[in-house]
Amino acid sequence: MIKTTAAICVAPNVPLEIDTLTVDGPGPGEVLVEIVASGLCHTDLTALEGVNASSVYPLIPGHEGAGRVVEVGLGVTTLCIDDHVIPLYGPECGECSMCRSKRTNLCWTIKPTRDRGVMPDGTSRFMRGNKPVHHFMGTSTLSRYTVVPEIALAKIRKDAPLDKVCLFGCGVTTGVGAALAHVRPGDKVAVFGLGGIGVNIIQGARIAGASRIIGIDISSAKTELATSYGMTDFIRPGPDAPDPVVAIRDLTGGGVDVAFECTGVLGVMRQSLDCCVPAWGVSVLLGVEPSGSELSFPPVQVRYGKSIVGSYFGGIKGRTGLPGLIDRFMEGEIDLDRQITHRLQLHEVNEGFHLMKQGKSVRSVVMFE
Ligand code: NAD
Ligand code: ZN
């Protein structure tokens, strides 16, 4: 058992508390990881705001981290002490029907316990005093030390800077991966929401050879970054502005080939379908909707050829797919520096989420070293 400092969400809509907790050593098949850096993602905010269905309080948020292996549990064969790792909220056991299929990157081997905020044996490794604190997304990277199942850790090359490649734990992989999976050379693309996910879709769409990339955001704070990543046009919806769907159709002569939704707002999901070209446009939904909500749309749009698909972690299988994507960063194809708008210490974490809510940050990275 060791001590850790962590951010704790005791209940929805109250500031995170920073406290010292104890972490039990890794159980069988588990690994103790020392986190070096962790980016803040909007999905953490959904847990803080009480609209994430897989949150059991109190919990330690964070799912965009990178660190080093400190200790391995019984039966762990693929990781050693000092390996560099990225915790995965989507594990890859390699054996289930999903892992064996090329059609999905999902692996639900440990999903039931992960969604209840505990390790696969049904218990938490974190204790505050004599009360357990729950894991979140199976990662809890806003803790200096965290325990993660072996199947939920991607081993990465040691020369990759951990204080940057932590972003591959979510935002970069999700955005770049989704764009590479859906954009073809010459495509016209719309990206709704220019946060950490949206800007990475833009850089992925540019890499994939998109001819036009239209960004849509209610805030203009990120237009400079988005433009540097490849955005060609920007639309800022508002009470006095034209409907973004009409504006996109006007700009493209009828609609985009692929539209990505990265806000989690139901109305925007509908816009991302409406702005696609009728016969083959694809609306890719990435945003996490408030739990329990439903989306409606006229079926005729789909009957004539549009499709609605989703993307989870960019469609990348974590353990086998992440190292190759990190190579592309190390070779200079993917940028991380410009999207890290803020670096914070753990005690400043509430400020990080405040910046996110105000739309002022793209990625804030909490530094543990
Ligand atoms: P973010 O808060 O950094 O960015 C969201 C952006 O959307 C902001 O710039 C905001 O101004 C903009 N926005 C809000 N309402 C809008 C509207 N009506 N029209 C246009 N723009 C609007 O969030 P993020 O970290 O980039 O995450 C985006 C979404 O993706 C969240 O819902 C998050 O939970 C989800 N997410 C999904 C996956 C996945 O695997 N599918 C992974 C990570 C995050
Ligand atoms: Zn995320």
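Provided above is the structure to which this section pertains.
The rules behind each value
Residues numbered from 1 in each chain as written. Chains lettered and ligands numbered in written order. Predicted model: local features only at pLDDT ≥ 70, side-chain atom pairs only at ≥ 80, totals over all residues. Heavy atoms only, no water. Near = heavy atom within 4 Å. Polar contact = N/O pair within 3.5 Å; in protein donor to acceptor, adjacent residues only side chain to side chain. Areas by Shrake-Rupley, 256 points an atom, 1.4 Å probe, with all protein chains shown as cover. Domains from an automatic or database assignment. 1 Å grid on protein atoms, 1.4 Å probe; cavity = no way out; pocket = protein on both sides within 12 Å on 5 of 7 lines; lining within 4 Å. Points joined across faces, edges and corners; volume = space filled by probe spheres on them. Helix = DSSP H or I, 4+ residues; strand = E, 2+ residues; numbered from the N terminus. Nonpolar A, V, L, I, M, F, W, Y, C, P; charged D, E, K, R; others polar. Donors = N, O, S within 2.8 Å, 3.2 Å for Na, K, Ca; no water. Buried < 20%, exposed > 50% of the residue type's maximum accessible area, 1.4 Å probe, protein only. Pairing = 2+ DSSP bridges. Right-handed = clockwise from strand over helix to strand, strands pointing away. Patch = residues over 30% accessible without salt bridge, like charges linked within 9 Å, V, L, I, M, F, W, Y side chains within 5 Å. Salt bridge = Lys/Arg side-chain N within 4 Å of Asp/Glu carboxyl O. Phe/Tyr/Trp six-rings, centres within 6.5 Å; stacked < 30°, edge-to-face > 60°. Lys NZ or Arg CZ within 6 Å of the ring centre and 35° of its normal. Axes fitted to C-alpha atoms, helices over the stretch in contact; angles between N-to-C directions.

Q: Help me out: how do you make sense of the site of ligand 1 in this one?
A: Lining the immediate surroundings of ligand 1 are 27 residues, of which H42, T43, D217, K222 and S311 lie closest. F313 is positioned such that a nitrogen or oxygen atom in its backbone is 2.9 Å from an oxygen atom of ligand 1. Coverage of ligand 1 by the protein amounts to 90% of the 870 Å² it exposes when considered alone. Built from parts of two domains, the shell around ligand 1 gets at least three residues from each of domain 1 (2–169 + 336–367) and domain 2 (173–313).

Q: Explain the layout of surface pockets here, please?
A: Estimated volume of the second largest pocket: approximately 200 Å³. In terms of lining, the second largest pocket is formed by N13, V14, P15, L16, L45, L48, E49, N350, F353, H354 and K357. For the lining of the second largest pocket, the elements supplying multiple residues, two or more each, are α1 (42–48) and α12 (349–357). Among the elements that line the lining of the second largest pocket, the one with the most residues is α12, at four residues. Of the residues belonging to the lining of the second largest pocket, the class tally is six nonpolar, three polar and two charged.

Q: Looking at this model, I keep getting lost on the coordination of the zinc ion (ligand 2). Mind explaining?
A: Each pair of donors in an ideal octahedron of six around a metal sits at 90 or 180 degrees, and each pair in an ideal tetrahedron of four sits at 109.5 degrees. Around the zinc ion (ligand 2), the protein contributes the donor atoms C41 (SG), H63 (NE2) and C170 (SG), at 2.0 to 2.2 Å from the metal centre. All donors of the zinc ion (ligand 2) belong to a single chain; written as a sequence motif, their spacing is C-x21-H-x106-C. Taken together, the residues span a long stretch of sequence, with C41 in the loop between β3 (30–39) and α1 and C170 in the loop between α4 (162–165) and α5 (171–182) at a distance of 129 residues. The class of C41 is buried, set by a relative accessible area of 3%.

Q: Hey, could you run me through the pairing of strand β16 (residues 340–345) in this one?
A: The side chains of a regular strand alternate between both faces of the sheet. Pairing of β16 with strand β17 (residues 363–367) involves five bridges; the strand directions are parallel. Note on β17: the bridge partner recorded for L344 is V366. For the crossover from β16 across α12 to β17, the handedness is right-handed.

Q: Would you explain a nonpolar patch on the surface in this entry?
A: A cluster of nonpolar side chains, L295, F297 and V302, forms an exposed patch at the surface whose accessible area comes to about 200 Å². The residue L295 is located in the loop between β14 (282–285) and α10 (299–303) in this model. Take L295: its relative accessible area is 31%, and that puts it in the partly exposed class.

Q: Which parts of the structure should I look at to understand empty space enclosed by the protein?
A: With a probe scaled to a water molecule rolled over the atoms, the places where space remains empty come into view. Taken as a whole, this structure holds one cavity of 30 Å³ or more when the rule is applied. In this model, the largest cavity occupies a volume close to 40 Å³. Of the residues contributing to the lining of the largest cavity, the split by class is five nonpolar, one polar and one charged.

Q: Sorry if this is basic, but what is going on with the packing of aromatic side chains here?
A: Using the criterion set out here, one finds three aromatic pairs in the structure. Taking 5.6 Å as the distance between ring centres and 85° as the angle between the ring planes, the aromatic pair formed by Y89 and Y312 counts as edge-to-face. Residue Y89 is located in the loop between β5 (84–87) and α2 (97–100), and its partner Y312 is located in the loop between β15 (307–310) and α11 (318–330); the two are separated by 223 residues in the primary sequence. Judged by relative accessible area, Y89 falls into the buried class, the value being 5%. An aromatic cluster of three or more residues is present, and its members are Y89, Y312 and F313. Between K111 and the ring centre of W108, over which it is positioned, the NZ or CZ distance is 5.4 Å.

Q: Would you mind going over the sheet that holds strand β11 (residues 212–216) with me for this structure?
A: Remark on secondary structure: sheet strands pair via backbone hydrogen bonds, oriented parallel or antiparallel. One open sheet holds the six strands; their spatial order is β12-β11-β10-β13-β14-β15, and the pairing between them is parallel. In this open sheet, the two strands that pair with only one neighbour each are β12 (233–235) and β15. Each adjacent strand pair in this sheet contributes to an overall mean axis angle of 20°, direction not counted. Relative to β15, β14 runs parallel, the two sharing four bridges. Looking at the pairing, S283 lines up with I308 of β15.

In short, geometric facts, not functional conclusions.
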